[in-house]
Every structure is written in structure tokens, then in C-alpha cells.
Amino acid sequence: MVLPGVVRQIGYVVKDFDRTLAGLIELGIGPWFVLRGIEQSGLYRGEPCTVTLTIGFANSGDMQFEVIHQDNDVRSIYREFTDAGHDGYHQLAYWAEDFDAALAAGAAAGWPVVWSGGQDVSARYAYFEPPTGGAATIIELMELTPTTVGMAEFVRSTARDWDGSEPIRVLG
């Protein structure tokens, strides 16, 4: 098997962040933890890239949802998706305790890494472009660290007891 364990997250890349969150809240997914105007730097198709993003996280049971909106016009994996006319489901994410082994397994399977980074922050990540016709446009691999584990548990446990109040909670 190329990927470590089970799918942990479903990611959406959207043109209208607030409208998307409102729709997901109507479906009972929440509360949403939102970071607005954050910069993320990495390598996009081998070239340095810094994007400004608005990102939201919420859980439904053990499944985490991520909604991403790119706030600037820099060429990136996110802009590539929306410029092609897409809006919505974008990626499946796996969380790896042994990030290097999982990254090597993806490379051995012939999956190119099209977006990667995180070395200087809380966790490394890599977006693979799997073969066409597969289940996802992008497969994300995220390194499990104390920070990422803690955040995932915080979002999951808050969703478990959520009563519908404060559906959007801005972080930072």
C-alpha cells in the first residue's frame, strides 16, 4: 500500500469561502476553526511559492473537513484548480507518523509531488498528483507531530459536543 492508514481529511478548494462554510454548517458540520490571511510557503511544481490563504477546519465524527480559499493571485496548486473552473472537492489527506517513508512510497509509485513545504513550521506536507481517473485530484500527506495531533484532537473533540452555537470560531 502506498498510503499510510486511513483517510483522515477531505479537502475543498473554493472560490467563496464563507458561502461554502455556511452550506456545510447547514449540513451539521462544525464548529469551524478559521484562520484568515495566513501565508504558506512551499514548492509548487518545483518552484518557490508563497500563497495567502483562508483555511477552515471542522470534524464530523472522526473525519476532518478542510476548506481552503486562496486570497491572492499567485500561481499555486489551489489557483491551478480554481482557474481550471473547479470549485469544491479537491483532496484526500493521510496523516503519517513516518513522513519520510510515506513520501518515499509515493515517489516509488510514480506519483509526482506538486506542492510541498512545512519544514520551517509545525509539520511537513506534500501533495501528490495521483494517476488520472483516480478517486482524488490530489492526495495530501501530512506529517503527524505533537502540534498536528493536538490540533486534530481539539477540532474532533469540540465537534463531538457541538450544540450548534458559535459555528465559526476565528483563530489567531
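Overview of the structure.

Reading the values: rules and limits
- The written sequence of each chain sets the order in which its residues are numbered from 1.
- Local features are withheld for residues below a pLDDT of 70 in this predicted model, meaning they are given only at 70 or higher, and side-chain atom pairs are given and counted only at 80 or more; totals for whole chains, interfaces and linings count all residues.
- Hydrogens and water are ignored here; the side-chain numbers use all heavy atoms of the structure.
- Under the scheme used here, helices are H or I runs from DSSP no shorter than 4 residues and strands are E runs no shorter than 2 residues, and both carry numbers assigned from the N terminus.
- When we talk radius of gyration, it's over C-alpha atoms, and the globule rule is simply 2.2 Å times the number of residues to the 0.38.
- Burial classes: relative accessible area under 20% of the type maximum marks a residue as buried, over 50% as exposed, and values in between as partly exposed (1.4 Å probe, protein chains only).
- Take a side-chain nitrogen of Lys or Arg and a carboxyl oxygen of Asp or Glu: if they are within 4 Å of each other, that pair is a salt bridge.
- Note on pairing: DSSP must find at least two bridges between two strands before they are called paired.
- Between the rings of Phe, Tyr and Trp (Trp by its six-membered ring), a pair exists once the centres lie within 6.5 Å; its type follows the angle of the planes, with under 30 degrees stacked, over 60 edge-to-face, and the other angles tilted.
- Taken from the helix axis, the directions to the C-beta atoms give the arc we talk about.
- Between two residues, a contact is recorded if the distance between any of their heavy atoms is within 4.5 Å.

### Considerations on the overall build of the protein
Looking only at helices and strands, one finds four helices and nine strands in the protein. Starting at the N terminus and walking to the C terminus, you meet the elements of the protein as β-α-β-β-β-α-β-α-β-β-β-α-β. The C-alpha radius of gyration of the protein comes to 15 Å, within 12% of the 16 Å expected for a compact globule of 172 residues. Along the three orthogonal principal directions, the C-alpha set of the protein runs to about 45 × 35 × 35 Å. Scored against the burial criterion, the 172 residues of the protein give a buried share of 47%.

### Here we look at the pattern of salt bridges
Within this structure, the stated rule accounts for ten salt bridges. Salt-bridge contacts for arginine 19 lead to aspartate 87; the nearest nitrogen and oxygen are separated by 3.7 Å. Note that arginine 19 is positioned in helix α1 (residues 17-26) and aspartate 87 in the loop between α2 (77-83) and β5 (88-96), a separation of 68 residues in sequence. The shortest N-O distance in the salt bridge between aspartate 73 and arginine 79 comes to 3.5 Å. Judged by relative accessible area, which is 69%, aspartate 73 ranks as exposed. With relative accessibility at 16%, the residue arginine 79 sits in the buried group.

### A few points about the pairing of strand β2 (residues 32-44)
Bridge analysis of β2 against strand β9 (residues 168-170) gives three bridges, and the strand direction is parallel. Within β9, the residue paired with tryptophan 32 across the bridge is isoleucine 168. Bridge analysis of β2 against strand β3 (residues 47-60) gives ten bridges, and the strand direction is antiparallel. Counterpart to isoleucine 38 in the pairing with β3 is leucine 53. From the end of β2 to the start of β3, which pair antiparallel, there are two residues, and arginine 45 there has a positive phi angle of about 50 degrees. As defined by bridge partners, β2 adjoins strand β6 (residues 113-117) across three bridges and the pair is classed as antiparallel. Of the residues in β6, the one forming a bridge with leucine 43 is serine 116.

### Looking at the packing of aromatic side chains
In the structure shown here, the tally under the stated rule is eight aromatic pairs. Ring centres of phenylalanine 33 and phenylalanine 154 lie 4.8 Å apart, and the angle between their planes is 55 degrees; on these two criteria the pair is classed as tilted. With phenylalanine 33 in strand β2 and phenylalanine 154 in helix α4 (residues 146-160), this pair connects stretches of sequence that are 121 residues apart. The class for phenylalanine 33 is buried, based on a relative accessible area of 3%. Classification of phenylalanine 154 as partly exposed rests on a relative accessible area of 39%. Between tyrosine 78 and tryptophan 115, the aromatic rings sit 6.2 Å apart at their centres with planes inclined by 80 degrees, giving edge-to-face as the arrangement. Placement of tyrosine 78 in helix α2 and of tryptophan 115 in strand β6 is noted, with a sequence separation of 37 residues between them. Residue class for tyrosine 78 comes out buried when judged on its relative accessible area of 2%. Given a relative accessible area of 0%, tryptophan 115 falls into the buried group.

### A look at helix α3 (residues 99-108)
Because an α-helix completes one turn every 3.6 residues, residues spaced three or four positions apart along the sequence face the same direction. Residues Phe99, Ala102 and Gly106 constitute the buried set of α3. Buried residues of α3, viewed axially, fall in a sector of 70 degrees; they line one side. Facing away from the buried side of α3, by more than 90 degrees, are the exposed residues Ala107 and Ala108. Turning to α3, the residues buried within the fold contact β5, β7 (125-128) and β8 (138-143).

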